[in-house]
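# Topology and contacts: notes
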4 protein chains.
Amino acid sequence: MPSKAEKNPATGWRERMHEVIFEADTTAGKVFDVALLVLILGSILAVMLESVPELVADPRWRLWLRVTEWTLTGLFAIEYILRLLCVRKPLRYAASFFGVIDLLAILPAPISLLFPGSQSFAVIRSFRLLRAFRVFKLAHFLTEAKQLRKALIAGWPKIAVFLMTVLVLIVVVGTAMYVIEGPEAGFTSIPLSMYWAIVTVTTVGYGDIAPQTSLGKAVAAMMMICGYALIVVPTGVIGAELSKGMKQPVSTQACTSCGAGGHDSDAKFCRACGEKL
Amino acid sequence: MPSKAEKNPATGWRERMHEVIFEADTTAGKVFDVALLVLILGSILAVMLESVPELVADPRWRLWLRVTEWTLTGLFAIEYILRLLCVRKPLRYAASFFGVIDLLAILPAPISLLFPGSQSFAVIRSFRLLRAFRVFKLAHFLTEAKQLRKALIAGWPKIAVFLMTVLVLIVVVGTAMYVIEGPEAGFTSIPLSMYWAIVTVTTVGYGDIAPQTSLGKAVAAMMMICGYALIVVPTGVIGAELSKGMKQPVSTQACTSCGAGGHDSDAKFCRACGEKL
Amino acid sequence: MPSKAEKNPATGWRERMHEVIFEADTTAGKVFDVALLVLILGSILAVMLESVPELVADPRWRLWLRVTEWTLTGLFAIEYILRLLCVRKPLRYAASFFGVIDLLAILPAPISLLFPGSQSFAVIRSFRLLRAFRVFKLAHFLTEAKQLRKALIAGWPKIAVFLMTVLVLIVVVGTAMYVIEGPEAGFTSIPLSMYWAIVTVTTVGYGDIAPQTSLGKAVAAMMMICGYALIVVPTGVIGAELSKGMKQPVSTQACTSCGAGGHDSDAKFCRACGEKL
Amino acid sequence: MPSKAEKNPATGWRERMHEVIFEADTTAGKVFDVALLVLILGSILAVMLESVPELVADPRWRLWLRVTEWTLTGLFAIEYILRLLCVRKPLRYAASFFGVIDLLAILPAPISLLFPGSQSFAVIRSFRLLRAFRVFKLAHFLTEAKQLRKALIAGWPKIAVFLMTVLVLIVVVGTAMYVIEGPEAGFTSIPLSMYWAIVTVTTVGYGDIAPQTSLGKAVAAMMMICGYALIVVPTGVIGAELSKGMKQPVSTQACTSCGAGGHDSDAKFCRACGEKL
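About the cut-offs
- As a convention, each chain's residues are numbered from 1 in the sequence order in which they are written.
- Key to labels: chains lettered from A, ligands numbered from 1, both in the order written.
- Totals for whole chains, interfaces and linings use every residue, but because this is a predicted model, local features are given only for residues with pLDDT of at least 70 and side-chain atom pairs only at 80 or more, for both listing and counting.
- To obtain the side-chain values, all non-hydrogen atoms of the structure were used and water was disregarded.
- Pairing of aromatic side chains requires ring centres within 6.5 Å, counting the rings of Phe and Tyr and the six-membered ring of Trp. Pairs whose planes differ by under 30 degrees are stacked, by over 60 edge-to-face, and all others tilted.
- Three labels apply to residues, based on accessible area from a 1.4 Å probe with only protein chains included: buried if under 20% of the type maximum, exposed if over 50%, partly exposed otherwise in between.
- Runs of H or I in DSSP of at least four residues are treated as helices and runs of E of at least two as strands, each being numbered from the N terminus.
- In this analysis an axis means a line fitted to C-alpha atoms, helices contributing only their contacting stretch, and an angle means the value between N-to-C directions, from 0 to 180 degrees.
- The handedness criterion is simple: a crossing whose near helix is rotated anticlockwise from the far helix by less than a right angle is left-handed, and one whose near helix is rotated clockwise is right-handed.
- Throughout, a contact is declared for two residues whenever any of their heavy atoms are within 4.5 Å.
- Gly is placed with the polar residues, together with every amino acid not listed as nonpolar (Ala, Val, Leu, Ile, Met, Phe, Trp, Tyr, Cys and Pro) or charged (Asp, Glu, Lys and Arg).
- As used here, the term nonpolar core means buried Ala, Val, Leu, Ile, Met, Phe, Trp, Tyr and Cys residues forming a set that is joined through side-chain atoms within 4.5 Å.
- Residues with no salt bridge and a relative accessible area higher than 30% make up the patches, which join like charges within 9 Å and nonpolar side chains (Val, Leu, Ile, Met, Phe, Trp, Tyr) within 5 Å.
- Per-residue and other accessible areas were derived by the Shrake-Rupley procedure at a 1.4 Å probe size, with only the shown protein chains allowed to occlude residues.
- Definition used for salt bridges: Asp or Glu carboxyl oxygen within 4 Å of a side-chain nitrogen of Lys or Arg.
- When charges are tallied, Lys and Arg are placed among the positive residues and Asp and Glu among the negative ones, while His and the ends of the chain are skipped.
- Here a polar contact is recorded for every N or O atom pair within 3.5 Å, except that within protein the pair must consist of a potential hydrogen donor and a potential acceptor, and residues adjacent in sequence are included only if both atoms are side-chain atoms.
- By this rule, a helix spans an expected 1.5 Å times one less than how many residues it contains.
- Note on scores: pLDDT gives the predictor's confidence for each residue, bounded by 0 and 100.

### Description of the packing of aromatic side chains
Summed over the entire model, instances satisfying the criterion amount to 12 aromatic pairs over all chains. Note on F187 of chain A and W196 of chain A: the rings are 5.3 Å apart at their centroids and 70° apart in plane angle, and the pair reads as edge-to-face. Residue F187 of chain A shares its accessibility class with W196 of chain A, and that shared class is buried. Geometrically, the ring pair formed by W61 of chain B and W64 of chain B is edge-to-face, given 6.4 Å between the ring centres and 70° between the ring planes. Of this pair, W61 of chain B and W64 of chain B both sit in helix 5 (residues 59–86), separated by three residues, roughly a single helical turn. The exposure class of W64 of chain B is exposed, given its relative accessible area of 56%.

### A word on the packing of helix 3 (residues 27–50) of chain D against helix 5 (residues 59–86) of chain D
Residue and element names in this part refer to chain D. Axis separation between helix 3 and helix 5 bottoms out at 10 Å; the angle between their running directions is 145°. Of the two elements, helix 3 crosses helix 5, and the hand of that crossing is left-handed. On helix 5, the residues touching F32, L36, L39, I40, G42, S43, A46, L49 and E50 of helix 3 are W61, L65, T68, E69, L72, L75, F76, E79 and R83. The residue inventory of the contact of helix 3 with helix 5, partitioned by class, reads 11 nonpolar, three polar and four charged.

### Some points on the environment of Y178 of chain C
All names here are of chain C. By secondary structure assignment, the location of Y178 is in helix 11 (residues 141–181). Looking at Y178, the relative accessible area reads 9%, which means it is buried. Taking C-alpha positions, Y178 is 34 Å from G155, a pair spaced 23 residues apart along the chain.

### As for the nonpolar core
If you look at the biggest cluster of nonpolar residues, it comprises 186 residues, and the most contacted ones within it are Y195 and W196 of chain A, W196 of chain B, W196 of chain C together with Y195 and W196 of chain D. Setting aside residues up to four positions removed in sequence, Y195 of chain A forms contacts with Y206, D208 and I209 of chain A together with P211, K217, A220, A221 and M224 of chain D.

### Here's the deal with a nonpolar patch on the surface
Nonpolar side chains collect at one region of the surface, where V100, L103, L104 and L107 of chain A lie side by side and expose about 270 Å² of accessible area between them. With respect to the secondary-structure elements, L104 of chain A resides in helix 7 (residues 97–106).

### What about the side chain of E181 of chain A?
Residues and elements named next belong to chain A. Residue position: E181 is located in helix 11 (residues 141–181). Within the buried set, E181 has no salt-bridge partner at all; the shortest N-O distance to an opposite charge, 7.5 Å, is to K217. At a separation of 2.8 Å, a polar atom in the side chain of E181 contacts the side chain of T213. Not counting chain neighbours up to four residues away, the residues in contact with E181 comprise F187, P211, Q212, T213, G216 and K217.

### Things to note about the environment of I225 of chain D
Looking at where I225 of chain D falls in the secondary structure, it is placed in helix 13 (residues 214–230). On the accessibility criterion, I225 of chain D (23% relative accessible area) is partly exposed. On a C-alpha basis, the gap between I225 of chain D and V201 of chain D in space is 8.7 Å, while along the polypeptide they are 24 residues apart. Contacts of I225 of chain D, omitting those with residues within four sequence positions, involve L163, I198 and T202 of chain A.

### A word on helix 12 (residues 190–201) of chain B
Residues and elements named next belong to chain B. Between the first and last C-alpha of helix 12 there are 16 Å, a value that for 12 residues agrees with the 16 Å anticipated at 1.5 Å per step. With 11 of 12 residues buried, helix 12 is to be regarded as a mostly interior element. Along helix 12, the residues that are buried comprise I190, L192, S193, M194, Y195, W196, A197, I198, V199, T200 and V201. Of the residues one or two after helix 12, T203 is the one with positive phi, at around 60°.

### Digging into the environment of A94 of chain B
All names here are of chain B. With respect to the element layout, A94 can be found in helix 6 (residues 90–95). Since its relative accessible area comes to 26%, A94 is described here as partly exposed. With 106 residues separating them along the chain, A94 and T200 place their C-alpha atoms 43 Å apart. Excluding anything up to four places from it in sequence, A94 contacts Y80, L84, G99 and V100.

### Some thoughts on the confidence of the model for chain A
All names here are of chain A. The pLDDT averaged across chain A works out to 75; a share of 68% of its residues lies at or above 70. Segment residues 1–9 is flagged for pLDDT under 50; beyond a separation of four residues in sequence, or across chains, it makes five contacts in the model. Segment residues 248–252 is flagged for pLDDT under 50; beyond a separation of four residues in sequence, or across chains, it makes eight contacts in the model. For this predicted complex, the interface score ipTM comes out at 0.74, alongside a pTM of 0.78.

### Some words on unusual backbone geometry
You will see that T203 of chain B, though not glycine, has its phi angle at about 60°, which is positive. In this structure, T203 of chain B sits in the loop between helix 12 and helix 13 (214–230).

This is the structure in structure tokens:
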């Protein structure tokens, strides 16, 4: 691509590496990205398995998981250093969202060495999964994601109105249920009542807290039907937005001979009189 | 805006205050509305926290919540009086929906002084959240809400047919389950059976009441599949209505000759009288 | 309406009564239909209340419910006789769907006299609710129901494909879970496993039966995500069908002067050149 | 159909049998397919009933089920042999998807003879239900399924983006809940936490594992609202795709001059070369 070459005229090793690590247009870049995705998924799998008590009890599994852990940490550290080396402004990269995530992906292993059993740092690594999205540059997924994001942004005000309504419903019904049911039925505070309201209106329905009195059941039933009716709104909004965004672009060109409009954008002749457009 | 000035020609302090308190077009009006929204959210948060037993047990939290409570009540009282002062017909405002809500927002604190522990009045304040919608005059949210309301009204007959079907299903299956399962399985009365039917058809599924016999389970399974199939109807209706409402950007141009509106955006001649637009 | 008069030329008392009872075009007919709907809802409410043990234990409530019961049965009996009298072919009406329902609405009371405690007949009355749909002739609901039914019929093959897929999923996963989990976890037979699969895929999730083993949980998790992904299909189908059915009918008329098409169906002049259509 | 006759010119007994067994265009073929569907459903019903302990305890039911089992196995074996006989390349059929399924449908009975109580083979038979789809060649269902599949394929990238988001949400929230709640609340490992996250985000909500701490409940509530908001995406995508696919009845007419197709149904001249259609 000449337009690309114009942007990066000085093609040294740094440029080539940048293309491999940060871009996904060349074969090497694609291979790098897929390999990275596999390593990230592997590291997440290792974190998950490390939390299963049955596996950690087995010394061989523990050793295997420890080795995987340190190997991956090493590889991610090398990747991080390479990234720092091949960008023009390393500090700007280090301060960017992915720069911070990349650094945080390396830290858990050395930190767990200093503070043994610091399990809570395992959470951080999960965020590396977000990098997986980047790999979809490979395919045309990003275009799709953009179209989806556009529909979400276009439909956002309507969805905000919907979420506001749901929140008012949750607060009002949550408070009402706290007054109606009281602590005996498990509704010990308004925040807990609201938690119950959220569990109910989203139709999750654990059943750990449930109305006991007849009035409470009647209110809950009405709320369920409201929630059931409300969910249609955002669905319809997104569907309509996407439908609008996907409509075939009809040409605005009118026939110079007969003035007929509404031609397809690739039409070369008027569909009404056959004149050249 | 000159058109606005024409509507309110006498611009004294009452007019200016009216603009600040009731309108959201000026900077002062926007600041007032956002400040009010923050105070309302704060008062709701205080009501919620007051219901948490762990917090109320702590004397400092109790004092802090009491102070917040009375401060906010005072501010809401001042706001209510200002509203009464700056409208032309104070009684008409006092009798309007928001007038009543605004009054009810002040009452709980003094009432709880007379009747200590009158917790049930906390519910009333939750309704103040409805005022939050008013603040969205600030943004273009109201236009969106209008479009949504139009789609809901247009789709309402179809949704009514759908809700009727669901209600018949709930009554019939509720009664049937009462006969099939009986009081042993928890279906002690038809209203309770209908509560179970609502919990099931909206897919909430607490599990506090569940069919025990094989026949009851078969009927419940059929009902679930029906409910699963039925939910598509209102969703599709709203989606289609919104899709229709958002298509066709009709020109707002009116014919200078006959006054007819609703022309297509690319129309060059009036479709009613043939005059050039 | 002259066209109506042409259909029913002989207008005696039978014709007038027929118009009141069976039609909803005249004021008397509308009043009759609304009154009937109120009575039906009242009779269903009475049946519901009769099943609540607390109410039946109170002698006054029991008496009141008994009186309501027999009064309504009497009124429904009179209505049934009037219907038989004013139709031309009484037997054809008696054998029709609503004829049978109308007869069944009268039977429970006398039958419960012969067989005291024959509670199971209460179910039959619930079906009277279906008559409520008839009353919507009053409004334009029926048109909407027709449009909805058309969309459902048009989308039916697609929904059938979807339901088939869901059923195959339920059978396969139900059988698999019976083999994986076994009777210890509550999966005592394949039909019961399938009941669990239906409860899960429709996202009801009672929790009375839930997988216990890791493999079972993994299979259940995969099934949930499948069910979550599958529900989009019928929703999209109905939405698309309704969207198609509601598209504004654009006139097929082309301008005789310039040949431009795509005019609105109520346009009188060409929107492109202003010529009379 | 002459085009068909050209494909199968040699019409011997093999050809006729092939038409009956593999095709569904003739009456005999339709009868064969429906009969096969009934037998498959019968065999699945028999497998289900065989798993119900109450039925197997009864010697008469056990005998009846055993006879049904072997009769159906015999019929399926005959069908399999006939299929092998009437295709031109028997090995290719035997290695195809349906060939393997057809063979697996026969095996369970003889295998259960060798290894008594080998219940786990019952699963295999359930897959025969997939053959039911084949029968829908009978109706126009296959066209519908194709249209649906096209919409699913077209919408697939968007749905993949959605599923990726949901998966990241499940991993992140699952890990977070494992750290927040810990083993005391039932979140004994990250995979189990993720199982809980799936049960919650799909709104199944068994309630066997549920957050106990306030922080955990807050995180769960936020996740539920996210899941509630996310489900709209795939629904809207499929609806929009189907809507697009079903709009615009494009003429099947091809230009006689240049062969270009895809003209609008009201086009009078070819849009590519201007020739009269």
